[in-house]
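Results of the structural survey
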Amino acid sequence: MTTAAPPTQISVNERNFRPQTLGDFIGQRQLKQTMQLMLYSAKTRKATLEHVAFFGGPGLGKTTLAAIIAHEANSRLHEIAAPSIGRPGDLASALTMLQPNDILFLDEIHALKRDSAETLYSAMEDFKVSIKLSKDSDPITMKVHPFTLIGSTTDFGLLPGPMRARFGHSFHLQPYTLDELVQIIERAAEKMGFFTEEEALQAIARRSRGTPRVALRLLRRCVDVAISSDEDFIDTELVEATMPILGLDALGLEEADRQYLAALIEIYRGGPAGLGAIAANAGLDMSTAKNIVEPALLLMGLVARTPRGRRVTRAGHKHHQTFAQSAASVNWNRIEAADQAAN
Ligand code: ADP
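Residues numbered from 1 in each chain as written. Predicted model: local features only at pLDDT ≥ 70, side-chain atom pairs only at ≥ 80, totals over all residues. Heavy atoms only, no water.

We now examine the site of the ligand. Near the ligand, the surroundings consist of 18 residues, among which Arg18, Ile26, Gly59, Thr63 and Thr64 are the closest. Within the contact set of the ligand, an oxygen atom lies 3.0 Å away from a backbone nitrogen or oxygen of Gly61. Between the ligand and Tyr176, the relevant distance is 3.2 Å, taken from a nitrogen atom to a side-chain nitrogen or oxygen of the residue. In isolation the ligand offers 560 Å² of accessible surface; the protein chains occlude 96% of this area. Put simply, the parts of the chain that give the shell around the ligand at least two residues each are α2 (62-72) and α8 (212-228). When grouped by side-chain class, the residues that make up the shell around the ligand number 10 nonpolar, 4 polar and 4 charged. (Near = heavy atom within 4 Å. Polar contact = N/O pair within 3.5 Å; in protein donor to acceptor, adjacent residues only side chain to side chain. Areas by Shrake-Rupley, 256 points an atom, 1.4 Å probe, with all protein chains shown as cover. Helix = DSSP H or I, 4+ residues; strand = E, 2+ residues; numbered from the N terminus. Nonpolar A, V, L, I, M, F, W, Y, C, P; charged D, E, K, R; others polar.)

Here it is in structure tokens:
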């Protein structure tokens, strides 16, 4: 159990939980070591930090790391979502407004359109951009101050080769261990002024798909329940009572995960089957199936990847059967209750 001040002013905005320094950032040990070295080297050489790319599933900490790097390098951070960049001119004007050593964080960089990506290449490599003011005019070239690009994407493979080659380093963010997730939510609960017990934190972490954002979201829902019953203590009982309200089962699977498992087991007899076919039968779009559902099922060992496609594991089969049974019994109870009420 951890101790904390009683809840006075409760702040549940995600940004309030963002660690400010690399030292405060939990997990991703290898990444932090390399990043520390790069920052130290750039500082010692009085050089601009090289461009870096972060890739990994949503909620693993890419945006947080960009802010930390800006803080550690004492640089200003400019954040742009790549899908919002319409024309190369928009990107060129953002680039020419950067001051020396500023950091440009391009989120979802894989979504950058081809002509904008080409504008970015010369800025990354030679710190200049060439744009045409009209279709038939000659391109004009403008200088860009030395800056650091931090690109963030769920899938590094989606980036064009020339862009990948221009990053000084690319970091693959890994799912977090249970212990790391426990530390993250323990800290957040403390900041919100809630007491917690270790087992309750573990029960949340187990259902968090290896992802801090999910862990923090589940914690906030537990906080909601605690507040509604005027409690400042989050124990296992409260967590176990909250999870079904959120549609999460004992492992933390959501409806979309169960649909994936059901399609793989009931339509493809456990596999092997291709991701596209499973997603279509489960009624999921490809991006959700690939980036959110499947990584969690693989992490929990419920599904395995084979050269011929995905197949369900023994644990996945067992979970599907258990859930199907418990769902059936819940329905049966409901029907009985409805019958009794009607009589
Ligand atoms: P991404 O950009 O990869 O989608 P974010 O950086 O927005 O993810 O992180 C989502 C949430 O998880 C934020 O509230 C952030 O503070 C928290 N978070 C992510 N990684 C960590 C970590 N290693 N330690 C503490 N909090 C983290």
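Turning next to the packing of aromatic side chains. Under the counting rule described, the total for this entry stands at 3 aromatic pairs. Arranged with centres 4.9 Å apart and planes meeting at 20 degrees, the rings of Phe55 and Phe156 form a pair that is stacked. Taken as a pair, Phe55 in strand β1 (residues 52-55) and Phe156 in the loop between β6 (148-153) and α5 (161-165) lie far apart in primary sequence, 101 residues in all. Look at Phe156 and you get buried, because its relative accessible area is 15%. A centroid spacing of 5.7 Å and a plane angle of 80 degrees characterise the contact between Phe127 and Phe147, whose relative ring orientation is edge-to-face. Highlighted residues: Phe127 in the loop between α4 (114-126) and β4 (128-131) and Phe147 in the loop between β5 (140-143) and β6, separated in sequence by 20 residues. Accessibility expressed as a relative area gives 25% for Phe127, which makes it partly exposed. (Phe/Tyr/Trp six-rings, centres within 6.5 Å; stacked < 30°, edge-to-face > 60°. Buried < 20%, exposed > 50% of the residue type's maximum accessible area, 1.4 Å probe, protein only.)

We now examine the packing of helix α3 (residues 88-96) against α4. The N-to-C vectors of α3 and α4 enclose an angle of 25 degrees; their axes lie 8 Å apart at closest approach. Of the possible angle classes, the one that applies to α3 and α4 is roughly parallel. Between α3 and α4 lies a crossing of right-handed hand. From α3, Pro88, Leu91, Ala92 and Leu95 reach across to α4, where they touch Asp115, Ser116, Thr119, Leu120 and Ala123. Here the contact of α3 with α4 is composed, by residue class, of 6 nonpolar, 2 polar and 1 charged. (Axes fitted to C-alpha atoms, helices over the stretch in contact; angles between N-to-C directions. Parallel < 35°, antiparallel > 145°, perpendicular 65-115°, else oblique. Left-handed = near helix turned anticlockwise from the far one by under 90°. Contact = heavy atoms within 4.5 Å.)

In this section: the pattern of salt bridges. Applying the stated rule across the entire model yields 13 salt bridges. Across the salt bridge formed by Glu125 and Arg166, the nearest N and O atoms sit 3.3 Å from each other. Residue Glu125 is found in helix α4, and its partner Arg166 is found in the loop between α5 and β7 (169-172); the two are separated by 41 residues along the sequence. Overall, Arg166 belongs to the partly exposed group, its relative accessible area being 23%. Arg217 is paired through a salt bridge with Glu254; the nearest N and O atoms lie 3.8 Å apart. (Salt bridge = Lys/Arg side-chain N within 4 Å of Asp/Glu carboxyl O.)

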